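Listed here are the chains, written in short residue letters.
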Amino acid sequence: MSIVPAEAVSGKSRTVPAARAATDRVDGAPAALATRARLLPSLGAVYRAQLSRARIARIPLLFVATFQSVGIMILMRGVVDGGAEARAVVAGSSVLVVAFVALNLLAQYFGQLRATGGLDHYATLPVPPAAVVLGAAGAYASFTVPGTAVTAVTGSLLFDLPMTHLWVLVAVIPLSGAALAGLGAALGLLAPRQELATLLGQLGMSAALLLGVLPADRLPGPITYARDLLPSTYGVEALARSFDSHPDWPTVALDLAVCAAVGVVSLAVATWAYRRAAVR
């Protein structure tokens, strides 16, 4: 009669199930991956990460964008006296801050991510592609709030415009920012090279400058059609109408609605471009 130590029995009892579980994993189907995160929590996480990452690098550029817009208004002060032209200059210069950050810098950022393989990092995360695009777009658009407000107030003082309805910026900044950020992200993701993404971002900001700051009635006929295609135009029009003593609020609401619709389309295109670039 042999005596088997209790440790050997207990060790064997622990080893057999472990070996059997390993065999089941080999012979059976692979283990399921972690469930994909939901959109809103993922969006919040990406937004906070982008906001903290870009805070130090983008604040000096935000000052540059603000000083650029204020300088343009000072130059136009010697040409434009007041009236509808002054309202167009102030509104266009204010939205230009949004274009500089949300369109130009975001196009460069996504172009750099694609060129350096940074998209591979996001592709491995269990987050929806829309959360990556919306989070980055929201973070970059958030940096435009102080610069746009300072530009609008400074322009109102320069051209003696009423500031009673500047609360319209609460709608103009996020809607214009969404439309321009979606466009900037799409340009950066679709550009085959990083240098081309930078060039497209610069061209987009130049278009926002020329077509947004200059009064519409001073532009040649064919150029006005290009102005209508620019996403920031409707935010400029809404802000310009708010400087009237009695704004046409239904028209302002219509401009903001068009800006919101363009923002949805541009962000959808940017999400599609992200999926396309991430799988290559």
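Residues numbered from 1 in each chain as written. Predicted model: local features only at pLDDT ≥ 70, side-chain atom pairs only at ≥ 80, totals over all residues. Heavy atoms only, no water.

## Notes on the overall build of the protein chain
- Secondary structure assignment for the protein chain yields eleven helices and zero strands.
- Along the chain direction, N to C, the helices and strands of the protein chain fall in the order α-α-α-α-α-α-α-α-α-α-α.
- Evaluated residue by residue, the protein chain yields a buried proportion of 44% over its 280 residues.
- Considering only contacts in the protein chain between residues 6 or more positions apart, those separated by 24 or more positions represent 84%.
- Summed over its atoms, the accessible surface of the protein chain is roughly 14300 Å², and 68% of this surface lies on carbon and sulfur atoms. (Helix = DSSP H or I, 4+ residues; strand = E, 2+ residues; numbered from the N terminus. Buried < 20%, exposed > 50% of the residue type's maximum accessible area, 1.4 Å probe, protein only. Contact = heavy atoms within 4.5 Å. Areas by Shrake-Rupley, 256 points an atom, 1.4 Å probe, with all protein chains shown as cover.)

## Focus on the pattern of salt bridges
- Throughout the structure, instances matching the rule amount to five salt bridges.
- For R87, the salt bridge goes to D244, with nearest N and O atoms at 3.0 Å. Here D244 lies in the loop between α10 (232-241) and α11 (249-278) and R87 lies in helix α3 (residues 83-116), a separation of 157 residues in the sequence.
- A salt bridge links R241 to D255; its shortest N-O distance comes to 2.4 Å. Remark: D255 occurs in helix α11 and R241 occurs in helix α10; sequence separation between them is 14 residues.
- Take R241: its relative accessible area is 27%, and that puts it in the partly exposed class.
- Three or more residues joined by partner-sharing salt bridges are found here, namely R227, E237, R241 and D255. (Salt bridge = Lys/Arg side-chain N within 4 Å of Asp/Glu carboxyl O.)

## Some remarks on the environment of I59
- Along the polypeptide, I59 turns up in helix α2 (residues 39-77).
- Judged by its relative accessible area of 34%, I59 is partly exposed.

## Notes on the packing of α10 against α11
- Their axes nearest at 8 Å, the elements α10 and α11 cross at an angle of 160°. What the angle tells us is that α10 and α11 run roughly antiparallel. At the point where α10 passes α11, the crossing takes the left-handed sense. When α10 is examined against α11, the residues Y234, G235, E237, A238 and R241 are found in contact with a partner set consisting of T251, V252, D255, L256, V258 and C259. (Axes fitted to C-alpha atoms, helices over the stretch in contact; angles between N-to-C directions. Parallel < 35°, antiparallel > 145°, perpendicular 65-115°, else oblique. Left-handed = near helix turned anticlockwise from the far one by under 90°.)

## Re unusual backbone geometry
- The backbone of D160 sits at a positive phi, close to 55°, despite the residue not being glycine.
- Along the chain, the position of D160 falls in the loop between α6 (144-158) and α7 (169-190).

## Structural notes on the layout of surface pockets
- Estimates place the volume of the largest pocket at around 210 Å³.
- The wall of the largest pocket is formed by 13 residues, among which A84, R87, A88, E237 and A240 lie closest to the centre.
- Mapped onto the lining of the largest pocket, the elements with two or more residues apiece are α3 and α10.
- The class makeup of the residues in the lining of the largest pocket is six nonpolar, no polar and seven charged.
- As a volume, the second largest pocket reaches approximately 170 Å³.
- Lining the second largest pocket we find L134, A137, G138, A141, S142, V145, I173, P174, G177, A178, A181 and L267.
- If you list the elements that add at least two residues to the lining of the second largest pocket, you get α5 (129-142) and α7.
- In terms of residue class, the lining of the second largest pocket is made up of nine nonpolar, three polar and no charged. (1 Å grid on protein atoms, 1.4 Å probe; cavity = no way out; pocket = protein on both sides within 12 Å on 5 of 7 lines; lining within 4 Å. Points joined across faces, edges and corners; volume = space filled by probe spheres on them. Nonpolar A, V, L, I, M, F, W, Y, C, P; charged D, E, K, R; others polar.)

## A look at empty space enclosed by the protein
- All told, the structure shown has one cavity of 30 Å³ or more when counted by the stated rule.
- Size it by volume and the largest cavity reaches roughly 30 Å³.
- Together, G92, V95, L96, A208, G212, S232, T233 and V236 line the largest cavity.
- Looking at the lining of the largest cavity, the elements that each hand over two or more residues are α3, α8 (194-213) and α10.

## Section: the nonpolar core
- L106, F110, F159 and Y274 are the most contacted members of the largest nonpolar core, which has 68 residues in total.
- Where this core is concerned, the elements lending two or more residues are α2, α3, α4 (119-124), α5, α7, α8, α10 and α11.
- At 18 residues, α3 tops the list of elements feeding residues into this core.
- Dropping the residues within four chain positions of it, F110 is found in contact with A136, A185, G188 and L189. (Core = buried A, V, L, I, M, F, W, Y, C linked by side-chain atoms within 4.5 Å.)

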